[in-house]
Amino acid sequence: MARVLLLGSTGFFGRGVAHKLIDAGHQLRVLVRDPMKAAGFKIRGAQVVVGDALNPAALAQSAQGVEHIISLVAVRRNRPQSFLEVNVDGPRIMAEAAKAAGVRSVLLVSAIGARLDPHYKYLTSRWMGEQELAKSGVAGTILRFSAVLAEEGGFVEAFEQQTSFGPVIVIPGSGQARFQPILREDAARCVVEAISKPELLSTIVELGGPEVVTFESMLDWFIQARGIKKPKMKLPTMLLIPGAMAMEAMLSNPIVTPDEINTLQLDNIADGIDSVSARFGWRPTRPSQWAQENWKKKTRVR
Ligand SMILES: NC(=O)c1ccc[n+]([C@@H]2O[C@H](COP(=O)([O-])OP(=O)(O)OC[C@H]3O[C@@H](n4cnc5c(N)ncnc54)[C@H](OP(=O)(O)O)[C@@H]3O)[C@@H](O)[C@H]2O)c1
């Protein structure tokens with residue numbers, strides 16, 4: 001079992017990775033900004049270090065004595081922290097700390113679609129971050145994922161917003177972009193198993209679940225599970241972008257940004273339908289069946 005430093009453990013996906021690392025018997029250290037968010041790991045034996053993953057000194061100190069560093073630190077929006085400082089400088093700072101501490105490997109979680117294309121600012125920042133890691137010379141693996149699904153957070157949170165606002169459910173564009181969703185449980189298992197696979201070093205692996213579905217299909221799973229009766233309305237992106245630009249300029253937390261609308265029109269699929277079984281030797285759960293049951297609104301038990 002290994003000594004692992006996890007960055008981004010307090011986020012939607014990182015929480016799942018932290019618990020999976022502990023389940024697998026690894027010795028976990030997390031670097032967090034808010035220790036209260038790490039209480040669930042501390043209670044299970046993780047070492048909690050307080051600091052910012054963008055602070056080179058904090059990172060250098062927390063990297064001492066570990067064999068692997070895993071990072072799930074990223075921002076989806078350019079405010080309040082910028083794409084450049086988090087998605088681009090973050091991997092560079094991590095790689096420098098890894099090198100100085102002599103860790104065996106680093107693993108960066110990224111996103112399918114990462115590319116150098118100024119039309120897609122978020123995806124460009126992820127590509128630049130991957131490049132920072134690659135050029136650092138540190139032994140590293142990059143795992144890019146398609147949509148990661150869980151009972152709460154992530155897409156569920158976005159669907160909750162999308163379906164609760166106004167009399168109709170607005171779908172930006174055609175809703176026909178293809179995704180290969182994977183459950184957080186399975187995605188976290190891939191991350192944990194990847195640190196013991198030296199054959200993945202210096203590669204970029206694109207991972208997704210066992211089904212290719214459209215964005216609209218995933219939204220339909222949510223609508224059906226929650227029994228929502230509102231009609232759907234598809235609006236061309238060119239009609240939505242001006243409003244999104246205005247919201248982005250005026251609000252600190254807009255419903256949607258122009259960059260998100262554009263990105264949502266792109267296919268988001270992995271290296272083949274068997275991307276997980278080909279690399280890890282097991283089959284991930286089918287999210288279509290799982291979502292019907294797990295996205296129903298939970299009644300509180302008193
Ligand atoms: N969610 C998905 O469907 C999905 C799909 C594909 C790939 N991914 C990838 O998975 C990774 C995690 O995504 P997520 O959905 O879990 O995002 P998230 O919930 O927003 O989590 C982001 C994490 O980064 C941390 N962070 C941000 N800025 C930081 C800073 N300056 N210093 C220290 N920590 C900082 C956050 O810490 P705080 O708690 O302190 O804010 C949080 O732990 C990303 O690389 C993302 O691209 C996610």
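Quick look at the structure, then. Here the structure is a predicted model, which means the values were calculated and not measured.

Glancing now at the sheet that holds strand E4 (residues 68-71). Strand order in the open sheet formed by 7 strands is E3-E2-E1-E4-E5-E6-E11, and the pairing between neighbours is parallel. Only two strands of the sheet have a single neighbouring strand rather than two, namely strand E3 (47-50) and strand E11 (204-207). Put simply, the sheet's adjacent strands are angled 20 degrees from each other on average, direction ignored. As defined by bridge partners, strand E6 (residues 140-145) adjoins E11 across 4 bridges and the pair is classed as parallel. Across the sheet, residue Ile 142 finds its bridge partner in E11, namely Ile 204. Each of strand E5 (105-111), E6 and E11 touches helix H5 (residues 121-136); the most contacted strand, E5, lies at about 165 degrees to it.

Let us now look at the packing of helix H6 (residues 155-164) against helix H8 (residues 215-226). Remark: H6 packs on H8, axes separated minimally by 10 Å, with the N-to-C direction vectors making an angle of 75 degrees. By the criterion of interaxial angle, the relationship of H6 to H8 is roughly perpendicular. Residues Phe 155, Val 156, Phe 159 and Thr 163 of H6 lie in contact with H8, whose contacting residues are Met 218, Leu 219, Phe 222 and Ile 223.

Moving on to the pairing of strand E2 (residues 27-32). By the criterion of burial, E2 is predominantly enclosed, with 5 of the 6 residues buried. Inspection of the sheet shows strand E1 (residues 3-7) paired to E2 by 5 bridges, in the parallel sense. From the neighbouring strand, Leu 7 faces E2, where its bridge partner is Leu 31. Note on the crossover from E1 through helix H1 (residues 12-23) to E2: the handedness is right-handed. In the sheet, E2 pairs with E3 via 4 bridges, with the strands oriented parallel. Bridge pairing in E3 links Val 32 to Val 50.

Here the focus is H6. All of the buried residues along H6 are Phe 155, Phe 159 and Gln 162. When H6 is viewed along its axis, its buried side chains cluster within an angular range of 65 degrees and face the same direction. Within H6, the exposed residues directed more than 90 degrees away from the buried face are Glu 157, Gln 161 and Ser 164. Against the buried residues of H6 lie strand E7 (148-149), strand E8 (169-172) and H8.

Criteria and cut-off values
Residues numbered from 1 in each chain as written. Predicted model: local features only at pLDDT ≥ 70, side-chain atom pairs only at ≥ 80, totals over all residues. Pairing = 2+ DSSP bridges. Helix = DSSP H or I, 4+ residues; strand = E, 2+ residues; numbered from the N terminus. Axes fitted to C-alpha atoms, helices over the stretch in contact; angles between N-to-C directions. Contact = placed C-beta atoms within 7 Å. Parallel < 35°, antiparallel > 145°, perpendicular 65-115°, else oblique. Buried ≥ 20, exposed ≤ 12 C-beta atoms within 10 Å, placed from the backbone. Right-handed = clockwise from strand over helix to strand, strands pointing away. Arc of directions from axis to C-beta.

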